[in-house]
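# Coordinate inspection notes
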Amino acid sequence: FGPRILGVTSLAVQPGAPEVMLIASADGVIRSVNGGGSWRKTTGWQVADVRSLAFDRAQPGRVYAATLWGPIRSDDGGATWALAQTGLTELYSQTVVADRDRSGRVILGTAAGVYVSTDAALTWRRVPSPSTTILRLAQSEVDPRLVIAGSQHRGAWLSRDAGETWTATDPVTAQANLYAVALHRRE
């Protein structure tokens, strides 16, 4: 039960509180506090095209969302949201990762490459990365310094320093659009 939901792009569950779930959708962020029994839209009309969500494992109430209109953040488990765009020269974003090893450190993929925040998305700085749209980011579960990016027309990119610098990794897909990326559980 809940609002009409179009274009679901991802689902996130709050660490330590599995009854709190968020859906990223074309309509905004939709939240359940009872394990999916009912849902409520928690973003206003001005927030649409939400592409990905990431909870901060050390601060489980803090969650970040990448939208086509710029990133937003919540400090109350997705009940309310605020813009998180200071320092960005490009707002269009499709992917966000909350560093699992360092609370408040966030990696954002935009249409102009990769940005990093070390203050819980209050400010951003662009890092040396491909000048293309970053479509997806994933951080290794084994080595938090290892992050992979899928890009538009530029293939796969790898960072071995938690997203600070990036290297092209796969000549076979060097001109491909990569909408999904993953790292092996041993990486």
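Before going into details, it helps to say that this report is about the structure given with it. What you see is a predicted model, and the numbers here were worked out from it, not measured in a lab.

Backbone geometry places alanine 120, a non-glycine residue, at a positive phi of 60 degrees. Following the sequence through the fold, alanine 120 ends up in the loop between strand 11 (113–117) and strand 12 (125–126). Phi at alanine 162 takes a positive value of approximately 60 degrees, unusual for a residue other than glycine. With respect to the helices and strands, alanine 162 occurs in the loop between strand 15 (156–159) and strand 16 (167–168).

Attention now moves to the side chain of serine 151. When you line up the elements, serine 151 lands in strand 14 (residues 147–151). Polar side-chain contacts of serine 151 include one of 3.4 Å to the backbone nitrogen of arginine 154. Filtering out sequence-adjacent residues up to four positions away, serine 151 remains in contact with Thr132, Thr133, Ile134, Leu135, Trp157, Ala176, Asn177 and Leu178.

Moving on to the environment of valine 33. As for its placement among the helices and strands, valine 33 is situated in the loop between strand 3 (28–32) and strand 4 (40–41). Distance in space between the C-alpha atoms of valine 33 and alanine 17 is 8.9 Å, their sequence separation being 16 residues. With sequence-adjacent residues up to four places away left out, valine 33 is seen in contact with Glu19 and Val20.

Reading the values: rules and limits
Residues numbered from 1 in each chain as written. Predicted model: local features only at pLDDT ≥ 70, side-chain atom pairs only at ≥ 80, totals over all residues. Heavy atoms only, no water. Helix = DSSP H or I, 4+ residues; strand = E, 2+ residues; numbered from the N terminus. Polar contact = N/O pair within 3.5 Å; in protein donor to acceptor, adjacent residues only side chain to side chain. Contact = heavy atoms within 4.5 Å.

Function-wise, these values are silent; they only describe arrangement.
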